[in-house]
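Listed here are the chains, written in short residue letters.
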Amino acid sequence: MNIAIESQLLNHPRRSGVMTYTEGLVNSMYANDKENDYSLLYYSLSRKPQDMPGPARPRFQKTVLKVPDREFPGRQWVLDKLFLPAFFQKNKIDIFHRVVGYTMPRSKKVFKILTVHDLRTLTIGDKYAAQNVRHYQKTFSVVDCCVVVSECTKRDLIEHFKIDEKKV
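Residues numbered from 1 in each chain as written. Predicted model: local features only at pLDDT ≥ 70, side-chain atom pairs only at ≥ 80, totals over all residues. Heavy atoms only, no water.

Novice: It is not clear to me how the side chain of Thr63 should be interpreted in this structure. Could you clarify?
Specialist: Looking at the secondary structure, you find Thr63 in strand β3 (residues 60-65). You can call Thr63 buried: its relative accessible area is 17%. (Helix = DSSP H or I, 4+ residues; strand = E, 2+ residues; numbered from the N terminus. Buried < 20%, exposed > 50% of the residue type's maximum accessible area, 1.4 Å probe, protein only.)

Written out as structure tokens, the structure is:
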């Protein structure tokens, strides 16, 4: 199978829990899965695959899509509607794992996985780093599987979004 993992967070200059999670996921797949082909996805106009962090071997490739490194209005839309579906089709991707985010590219032929780390905007009213709850509702209707990092997040996901427990 061809598996793509969005690995852009490995480029972040400051360590965070989400970065540690992404690093652990990528390194575990690298160490334990010798059967599937992987694409670690990064976004940059100027950097090359060999400049990107993360492991590499013949069946574990770093792929850089030519998208600006920095955020700009509409960047996520461009990724989800244009770049990623074209990449999935060209590379015959079977599984796409987004390790953090509120949106998901639509593609009927690709099994889509989203990791949900928490729902702090809904559970504790976090306004400082508010999550886009409106986008989550749409995204949960198109993902095939939600990975959660705790039993508490699983309960919150089922309670607030009425997601079938089998999908989590």
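More follows now that the structure is in view.
Novice: Explanation requested: the nonpolar core in the structure shown.
Specialist: Soluble globular proteins: nonpolar side chains tend toward being buried together. Within the largest apolar cluster, 24 residues are counted, with the highest numbers of intra-cluster contacts made by Leu84, Phe96 and Phe140. When residues of this core are traced back to their parent elements, those giving at least two are β2 (37-43), α2 (75-91), β5 (111-116), α4 (133-142) and α5 (151-161). Take this core: its biggest share by element is 4 residues, from α2. Once residues lying within four places of it in the same chain are set aside, the contact partners of Phe140 are Leu114, Val116, Cys146, Leu157, Phe161, Ile163 and Lys167. Among the nonpolar cores identified, the runner-up in size contains 14 residues, and Ile3, Leu25, Val26 and Leu40 belong to it. (Core = buried A, V, L, I, M, F, W, Y, C linked by side-chain atoms within 4.5 Å. Contact = heavy atoms within 4.5 Å.)

Novice: Which parts of the structure should I look at to understand the layout of surface pockets?
Specialist: Where empty space is left becomes clear once a probe the size of a water molecule has been rolled over the atoms. Size it by volume and the largest pocket reaches roughly 660 Å³. In terms of lining, the largest pocket is formed by 27 residues, of which the most central are Leu9, Glu71, Arg75, Gln76 and Val100. Among the secondary structure elements, those contributing two or more residues to the lining of the largest pocket are α1 (17-32) and α2. Here the lining of the largest pocket gets 3 residues from one element, more than from any other, and that element is α2. Considering only residue class, the lining of the largest pocket consists of 9 nonpolar, 11 polar and 7 charged. If you add up the space inside the second largest pocket, you get close to 290 Å³. Looking at the second largest pocket, it is lined by 13 residues, and the ones nearest its centre are Asp80, Lys81, Thr103, Met104 and Lys138. Those elements that provide at least two residues to the lining of the second largest pocket are α2 and α4. When the residues that make up the lining of the second largest pocket are grouped by side-chain class, the tally is 5 nonpolar, 4 polar and 4 charged. (1 Å grid on protein atoms, 1.4 Å probe; cavity = no way out; pocket = protein on both sides within 12 Å on 5 of 7 lines; lining within 4 Å. Points joined across faces, edges and corners; volume = space filled by probe spheres on them. Nonpolar A, V, L, I, M, F, W, Y, C, P; charged D, E, K, R; others polar.)

Novice: Explain the side chain of Arg57 here, please?
Specialist: Tracing the backbone through its elements, the reader meets Arg57 in the loop between β2 and β3. One buried charged residue, Arg57, remains without a salt bridge, the closest side chain of opposite sign being Asp33 at 5.9 Å. Among the polar contacts made by the side chain of Arg57, one reaches the main-chain carbonyl oxygen of Asp33 at a distance of 2.6 Å. Once residues within four sequence positions are removed from consideration, Arg57 is found in contact with Tyr30, Asp33 and Lys34. (Lys, Arg positive; Asp, Glu negative; His and termini not counted. Salt bridge = Lys/Arg side-chain N within 4 Å of Asp/Glu carboxyl O. Polar contact = N/O pair within 3.5 Å; in protein donor to acceptor, adjacent residues only side chain to side chain.)

Novice: Help me understand a positive patch on the surface, please; the structure alone is not making it clear to me.
Specialist: A grouping of Lys81, Arg106, Arg134 and Lys138 is seen on the molecular surface, where their side chains present a positively charged patch. Tracing the chain through its elements places Lys138 in helix α4. On the basis of relative accessibility, which here comes to 49%, the residue Lys138 falls in the partly exposed class. (Patch = residues over 30% accessible without salt bridge, like charges linked within 9 Å, V, L, I, M, F, W, Y side chains within 5 Å. Areas by Shrake-Rupley, 256 points an atom, 1.4 Å probe, with all protein chains shown as cover. Charge placed at Lys NZ, Arg CZ, Asp CG, Glu CD.)

Novice: I keep staring at the state of the cysteines and nothing clicks. Help me out?
Specialist: For the structure on display, the rule yields 0 disulfides. Note on Cys146: no disulfide assigned, nearest cysteine sulfur contributed by Cys145 at a separation of 6.7 Å. Taking the relative accessible area as the measure of exposure, Cys146 reaches 2% and is therefore buried. Cys152 takes part in no disulfide bond, and the closest cysteine sulfur, belonging to Cys146, lies 15 Å away. (Disulfide = S-S within 2.5 Å.)

Novice: What exactly am I supposed to notice about α5 here?
Specialist: Side chains of residues three or four places apart in an α-helix project in the same direction, reflecting 3.6 residues per turn. Inspection of α5 places Thr153, Lys154, Asp156, Leu157 and Phe161 among the buried residues, and these make up the whole buried set. The buried residues of α5 occupy an angular sector of 165° when projected down its axis, which confines them to one face. At the C-terminal side of α5, Lys162 shows a positive phi close to 55°. (Arc of directions from axis to C-beta.)

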